[in-house]
Amino acid sequence: KLERPPQDLVKMYDKYSAGDMDRHEAGTPKKCRMPNFKSDEADTDHVYHVREADIDGNGHVEATVYVHWILDHADVEPESSLHSLDIEYKQECFLGQEVHSLSKRAVPVEGSGSERVLNHIVQTKEGELLLKAESHWKDS
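Residues numbered from 1 in each chain as written. Predicted model: local features only at pLDDT ≥ 70, side-chain atom pairs only at ≥ 80, totals over all residues. Heavy atoms only, no water.

Novice: Describe in detail the overall build of the chain, supporting the description with residues and values.
Specialist: Per the secondary structure count, the chain includes two helices and five strands. Going from the N terminus to the C terminus, the chain shows its helices and strands as α-β-α-β-β-β-β. In the structure as shown, the chain presents an accessible area of about 9,900 Å², 49% of it carried by carbon and sulfur atoms. (Helix = DSSP H or I, 4+ residues; strand = E, 2+ residues; numbered from the N terminus. Areas by Shrake-Rupley, 256 points an atom, 1.4 Å probe, with all protein chains shown as cover.)

Novice: Go over the nonpolar core with me, naming the residues and quoting the values.
Specialist: In this structure, V61, Y66, W69, C93, V99 and V122 are the most contacted members of the largest nonpolar core, which totals 13 residues. For this core, the elements supplying multiple residues, two or more each, are α2 (63-71) and β5 (129-139). With sequence-adjacent residues up to four places away left out, V61 is seen in contact with V50, D54, I55, D56, Y66, W69, C93 and F94. (Core = buried A, V, L, I, M, F, W, Y, C linked by side-chain atoms within 4.5 Å. Buried < 20%, exposed > 50% of the residue type's maximum accessible area, 1.4 Å probe, protein only. Contact = heavy atoms within 4.5 Å.)

Novice: Let's hear about the sheet that holds strand β4 (residues 116-124): which residues, and what values?
Specialist: The strand order β1-β3-β4-β5-β2 describes an open sheet built from five strands, whose pairing is antiparallel. Of all the strands in the sheet, just β1 (44-49) and β2 (80-89) have a single pairing partner and so form its edges. This sheet shows a mean twist of 20 degrees between the axes of neighbouring strands, independent of strand direction. Strand direction decides the pairing type here: β1 and strand β3 (residues 98-105), joined by six bridges, are antiparallel. Paired with H46 across the strands is S101, a residue of β3. In this fold α2 packs onto β1, β2, β3, β4 and β5, with an angle of close to 130 degrees to the strand it touches most, β2. (Pairing = 2+ DSSP bridges. Axes fitted to C-alpha atoms, helices over the stretch in contact; angles between N-to-C directions.)

Novice: An account of the pattern of salt bridges is requested, with residue identities and associated values reported.
Specialist: Pairing of side chains with opposite charge becomes possible as their charged atoms draw close. All told, the structure shown has five salt bridges when counted by the stated rule. Between E77 and R116 there is a salt bridge whose closest N-O contact spans 2.7 Å. Highlighted residues: E77 in the loop between α2 and β2 and R116 in strand β4, separated in sequence by 39 residues. Judged by relative accessible area, which is 29%, E77 ranks as partly exposed. Owing to a relative accessible area of 15%, R116 belongs among the buried residues under this scheme. When salt bridges with common partners are traced through the structure, they connect E77, R105, R116 and D139 into a single cluster. (Salt bridge = Lys/Arg side-chain N within 4 Å of Asp/Glu carboxyl O.)

Here it is as structure tokens:
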């Protein structure tokens with residue numbers, strides 16, 4: 001059952017509006033464009049078979065499993081640590097499917113220092129794109 005909140009509680013937030021970003025420390029994340037690359041351009045290609053343990057309550061692969069597929073074979077130096085990871089999910093993946101986790105080093109950006117960027121795609125063996133991602137790595 002929904003009820004109206006007490007008026008004193010509502011008044012506490014009168015000075016804020018939905019568009020007031022000053023009250024947020026980091027602001028709202030902005031969607032970035034994930035780079036595309038073809039599977040034959042990949043530096044690494046690892047094959048995974050979707051197991052029952054990878055499946056969530058909705059019957060498809062759990063989001064964290066994709067992260068493992070992306071990061072397990074990231075081609076970075078041992079002293080590097082993950083600084084950020086952006087993921088754009090495209091479609092679902094199901095039990096028994098064979099998937100390829102591919103990554104490619106991005107061209108270094110001028111002035112980025114020791115930061116390394118990897119582009120990732122996860123796709124089915126038939127080439128259907130499941131996700132695109134970009135990981136940023138820095139020396140620890």
